[in-house]
Amino acid sequence: MGGQPFTWPGAGAEMMVERNARIAAEARDRPLAEVLADSERVFADLLGMLALVPDQWLNDASLLGLPDDIPPWMRVANNSYRHYREHAVDIWAWLESAER
């Protein structure tokens, strides 16, 4: 941060796939109500933190040492709201099967 160049830790996308698989495996045996409560808490925390971030940090990647290909606010959206939509069909199917 602070003007330092951004570097992906490890192999970037490959690490994300492994991380997602680990999180899914850890959540698989948790009670549905607990997973949903965690999801709601994390989302509320995200919104609360974003409300505290100065607008210039969300719009100027150089202030955070990030690549300038997209603004930081779009990275947040891509890795939260948009990412959820990518998995929404699977999540809803899982919720329906869990209710049966």
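Cut-offs applied
Residues numbered from 1 in each chain as written. Predicted model: local features only at pLDDT ≥ 70, side-chain atom pairs only at ≥ 80, totals over all residues. Heavy atoms only, no water. Helix = DSSP H or I, 4+ residues; strand = E, 2+ residues; numbered from the N terminus. Buried < 20%, exposed > 50% of the residue type's maximum accessible area, 1.4 Å probe, protein only. Contact = heavy atoms within 4.5 Å. Areas by Shrake-Rupley, 256 points an atom, 1.4 Å probe, with all protein chains shown as cover. Axes fitted to C-alpha atoms, helices over the stretch in contact; angles between N-to-C directions. Parallel < 35°, antiparallel > 145°, perpendicular 65-115°, else oblique. Left-handed = near helix turned anticlockwise from the far one by under 90°. Nonpolar A, V, L, I, M, F, W, Y, C, P; charged D, E, K, R; others polar. Polar contact = N/O pair within 3.5 Å; in protein donor to acceptor, adjacent residues only side chain to side chain. Salt bridge = Lys/Arg side-chain N within 4 Å of Asp/Glu carboxyl O.

Participant: How do you make sense of the overall build of the chain when you look at a structure like this?
Facilitator: For the chain, the count of helices and strands is five helices and zero strands. Along the chain, helices and strands appear, N-terminal first, in the series α-α-α-α-α. A total of 100 residues make up the chain; the buried ones form 14% of that total. Contacts spanning at least 24 positions in sequence make up 46% of the contacts within the chain whose residues lie at least 6 apart. When the accessible surface of the chain is split by element, carbon and sulfur atoms take 60% of a total near 8,000 Å².

Participant: Would you mind showing me how to read the packing of helix 2 (residues 32-52) against helix 5 (residues 81-99) here?
Facilitator: Pairs of packed helices are described in terms of their axes, by the angle between the two and the distance that separates them. Following both chains from N to C, one finds helix 2 and helix 5 inclined at 160°, their axes separated by 13 Å at the closest point. For the element pair helix 2 / helix 5, the angle class is roughly antiparallel. With respect to the hand of their crossing, helix 2 and helix 5 are arranged in left-handed fashion. From helix 2, Leu32, Val35, Leu36, Phe43, Leu46, Leu47 and Leu50 reach across to helix 5, where they touch Tyr81, Trp94, Leu95 and Ala98. Among the residues forming the contact of helix 2 with helix 5, the class breakdown is 11 nonpolar, no polar and no charged.

Participant: Can you walk me through the side chain of serine 80 in this structure?
Facilitator: Its location among the elements puts serine 80 in the loop between helix 4 (72-78) and helix 5. Under the relative-accessibility criterion, serine 80 is labelled buried at 18%. Reaching out from serine 80, the side chain makes a polar contact with the backbone oxygen of valine 76 at a distance of 2.5 Å.

Participant: Mind showing me how you'd approach the pattern of salt bridges here?
Facilitator: When the charged atoms of two side chains with opposite charge come close together, those side chains can pair. Using the criterion set out here, one finds six salt bridges in the structure. For aspartate 38, the salt bridge identified is with arginine 30, shortest N-O distance 2.2 Å. Taking the relative accessible area as the measure of exposure, arginine 30 reaches 26% and is therefore partly exposed. For the salt bridge of aspartate 38 with arginine 41, the shortest nitrogen-to-oxygen distance reads 3.8 Å. Of the two residues, aspartate 38 and arginine 41 both sit in helix 2, three residues apart, roughly one turn of that helix. For aspartate 38, a relative accessible area of 26% translates into the label partly exposed.

In short, shape yes, function no, at least from these values alone.
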